[in-house]
Amino acid sequence: MALVLIADDHDDTITILSAEIEAEGHSVATVMNGSDAYQCVLTERPDLVFLGPSLPIHDGYETCSMLRDDPDVPDRLPIVMLAGADLDQRRLEPAGITTTFPRQHGASDVRELLARLDRNAARLENVYKALSEEGFGETPETPSEEWLRDNHYVVRAQLLEI
């Protein structure tokens, strides 16, 4: 099960996307501005981030740039920009957006995106094993909260390479 952060200034998008993601068995955290999105990534360490382009305080592009510039955030964290009429294609690449996802979408689109996370999460046990063999500490059967905190981004980077 993955933790997905949805940061958007449209209540309806948050409600619909949250329900679709939760229906697939994942946890969802929601915020409505860029500052809260940034803080949530640092504290909750989500596996996937959705950003709305026109978030208040820091828009989605600024928030993504802040996350990409922060050494505590893994470079490979998938950050998805919600695409609507307010999407500025020219700002996507410089901000470090991974991909876009349409606000108007079908549940199958969400399933397809989340399926990639599920496939990688199923390989987590093998990643823990490989990391423990490389000297990162405890075996995957009993990772402590401290081990998970200390190795969270290493594990996530390994998963994203699979």
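In what follows, the accompanying structure is described.

Calculation criteria
- Residues numbered from 1 in each chain as written.
- Predicted model: local features only at pLDDT ≥ 70, side-chain atom pairs only at ≥ 80, totals over all residues.
- Heavy atoms only, no water.
- Core = buried A, V, L, I, M, F, W, Y, C linked by side-chain atoms within 4.5 Å.
- Buried < 20%, exposed > 50% of the residue type's maximum accessible area, 1.4 Å probe, protein only.
- Helix = DSSP H or I, 4+ residues; strand = E, 2+ residues; numbered from the N terminus.
- Contact = heavy atoms within 4.5 Å.
- Pairing = 2+ DSSP bridges.
- Axes fitted to C-alpha atoms, helices over the stretch in contact; angles between N-to-C directions.
- Polar contact = N/O pair within 3.5 Å; in protein donor to acceptor, adjacent residues only side chain to side chain.
- Parallel < 35°, antiparallel > 145°, perpendicular 65-115°, else oblique.
- Left-handed = near helix turned anticlockwise from the far one by under 90°.

Some details on the nonpolar core
Counting 23 residues, the largest nonpolar core has Leu5, Val41, Val49, Leu51, Ile79, Met81 and Ile97 as the members making the most contacts within it. At the level of elements, β1 (3–7), β2 (27–31), α2 (34–44), β3 (48–51), α3 (60–69), β4 (79–83) and α4 (89–95) are the ones that each hand at least two residues to this core. In terms of residue count, the dominant contributor to this core is α2 (4 residues). Sequence-distant contacts of Val49, defined by excluding residues within four places in its chain, comprise Leu5, Val41, Leu77, Pro78, Ile79 and Val80.

Considering the sheet that holds β4
The sheet built from 5 strands is open, its strands ordered β2-β1-β3-β4-β5 with parallel pairing. Since the sheet does not close on itself, it has two edges, and those belong to β2 and β5 (99–102), each with one partner. Direction aside, neighbouring strands of the sheet carry axes that sit 25° apart on average. The sheet contacts of helix α1 (residues 11–23) involve β1, β2, β3, β4 and β5, and relative to β2 the element is tilted by about 165°.

Describing the side chain of His26
Note on placement: His26 falls in the loop between α1 and β2. In this structure His26 comes out as buried when scored by relative accessible area, which is 4%. Within polar-contact distance, the side chain of His26 engages the backbone nitrogen of Ala2 at 2.9 Å.

Some details on the packing of α2 against α3
At their nearest, the axes of α2 and α3 sit 9 Å apart, and the two run at 25° to each other. Taken together, α2 and α3 sit at an angle that is classed as roughly parallel. The interaxial crossing formed by α2 with α3 has right-handed handedness. Where α2 abuts α3, its residues Gly34, Ala37, Tyr38 and Val41 lie against Thr63, Met66 and Leu67.

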